[in-house]
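The residues making up each chain are set out below.
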There are 2 protein chains.
Amino acid sequence: MSQSNEHMFFGVHVIGELYGVDAKMLNNKELLESVLKEGIKLSGATLCSLQTKVFDPSGITSLALLSESHASFHTYPDYNALFFDAFTCGTDCQPQKIADHMIEILKPKRHTLKTIKRGEEPEAAKVIKLNKKEDELKKIS
Amino acid sequence: MSQSNEHMFFGVHVIGELYGVDAKMLNNKELLESVLKEGIKLSGATLCSLQTKVFDPSGITSLALLSESHASFHTYPDYNALFFDAFTCGTDCQPQKIADHMIEILKPKRHTLKTIKRGEEPEAAKVIKLNKKEDELKKIS
């Protein structure tokens, strides 16, 4: 990870469900992967690798490993629905934008989204790191 | 996905943070992968594939693609901490057990855990599916 502020023990996790999505879209691996990848770009995150599984008889899961954590979807064509989550560490990225992009392209009839702040708030995280560095300096001196 | 009850649009997402973990453990890819895999077994979930990235200068991310959704961790050795999440669809698995196993092996000084029910509650999900089947039968008849 870079030395920018994604390297702090703080992150934002957006989780949600999309309902009333066209079942054909929810079985379209290429479309879904491309929507996820484009959403990741828009969020400012960096995609390291992507694993996707097409389930029998239906349903697709994709997990994107990001420099800043992860993003995923799990589709349920029988229910015209999908589960989504995006978690990015630091304050540089906007995981909400991945959700926004999926909603724009997949056009669910309704959706739910929750945003959860995780870890130490940025200011607290800085203090912990500074204290740790001071402790290390004390040990060395 | 199988025809058992993991195939309903309902799931349980456990998210949490472990603090005060030995930094060597948080840089040990083999140990962390094995703890995650064992936790997945204990939860009753099925591992399909695992992607792991070791970051420079430190930190490891693993994403497990499950038949029932996903599990992940993101380690921050500089902060002696890690982010964890496990999401399993249906009611057959216990994602909490993945967290319990990580806590047992990694022995954090403290941790936080949140359990979030997602999608439609099982009874509501059944009704939606039955209604949909009835609609389909009406279309056919």
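Please refer to the structure placed before this passage.
Overview of the structure. (Residues numbered from 1 in each chain as written. Chains lettered and ligands numbered in written order. Predicted model: local features only at pLDDT ≥ 70, side-chain atom pairs only at ≥ 80, totals over all residues.)

**Topic: the sheet that holds strand β2 (residues 47-54) of chain A**
Residues and elements named next belong to chain A.
Turning to step 1, where the next piece is worked out: Strands sit in the order β2-β3-β4-β5-β1-β6 across an open sheet of 6 strands; the sheet is antiparallel. Here the strands that pair on one side only, and so sit at the sheet edges, are β2 and β6 (110-119). Neighbour-to-neighbour, the strand axes of the sheet open up by a mean angle of 10°, direction not taken into account.
Turning to step 2, where the next piece is worked out: In the sheet, β2 pairs with strand β3 (residues 60-66) via 7 bridges, with the strands oriented antiparallel. Considered in β3, the bridge of L50 is made with A64.
Turning to step 3, where the next piece is worked out: Running over the sheet, helix α2 (residues 29-43) touches β2, β3, β4 (69-76) and β5 (81-89) and is turned about 25° from β3.
Turning to step 4, where the next piece is worked out: Across the sheet, helix α3 (residues 96-106) touches β1 (10-19), β4, β5 and β6, and the angle it forms with β1 is around 15°. (Pairing = 2+ DSSP bridges. Helix = DSSP H or I, 4+ residues; strand = E, 2+ residues; numbered from the N terminus. Axes fitted to C-alpha atoms, helices over the stretch in contact; angles between N-to-C directions. Contact = placed C-beta atoms within 7 Å.)

**So, the sheet that holds strand β4 (residues 69-76) of chain B**
Residue and element names in this part refer to chain B.
Turning to step 1, where the next piece is worked out: Judged by pairing direction, the sheet is antiparallel, and its 6 strands sit side by side in the order β2-β3-β4-β5-β1-β6 without closing on themselves. Strands at the two margins of the open sheet, each flanked by one partner only, are β2 (47-54) and β6 (110-119). Adjacent strand axes in the sheet meet at a mean angle of 10°, parallel and antiparallel pairs treated alike.
Turning to step 2, where the next piece is worked out: Of the strands in this sheet, β1 (10-19), β4, β5 (81-89) and β6 are in contact with helix α3 (residues 96-106), which crosses β1 at around 15°.

**Considerations on the packing of helix α2 (residues 29-43) of chain B against α3(B)**
Residues and elements named next belong to chain B.
Turning to step 1, where the next piece is worked out: Running from amino to carboxyl end, α2 crosses α3 at an angle of 140°, the nearest separation of the two axes being 8 Å. Judged on the interaxial angle alone, α3 and α2 are oblique. The two elements α2 and α3 cross, and the hand of that crossing is right-handed. The residues of α3 that touch α2, namely those facing V35, E38, G39, I40, L42 and S43, are K97, I98, H101, M102, I105 and L106.
Turning to step 2, where the next piece is worked out: Of the residues assigned to the contact of α2 with α3, the class counts are 7 nonpolar, 3 polar and 2 charged. (Parallel < 35°, antiparallel > 145°, perpendicular 65-115°, else oblique. Left-handed = near helix turned anticlockwise from the far one by under 90°. Nonpolar A, V, L, I, M, F, W, Y, C, P; charged D, E, K, R; others polar.)

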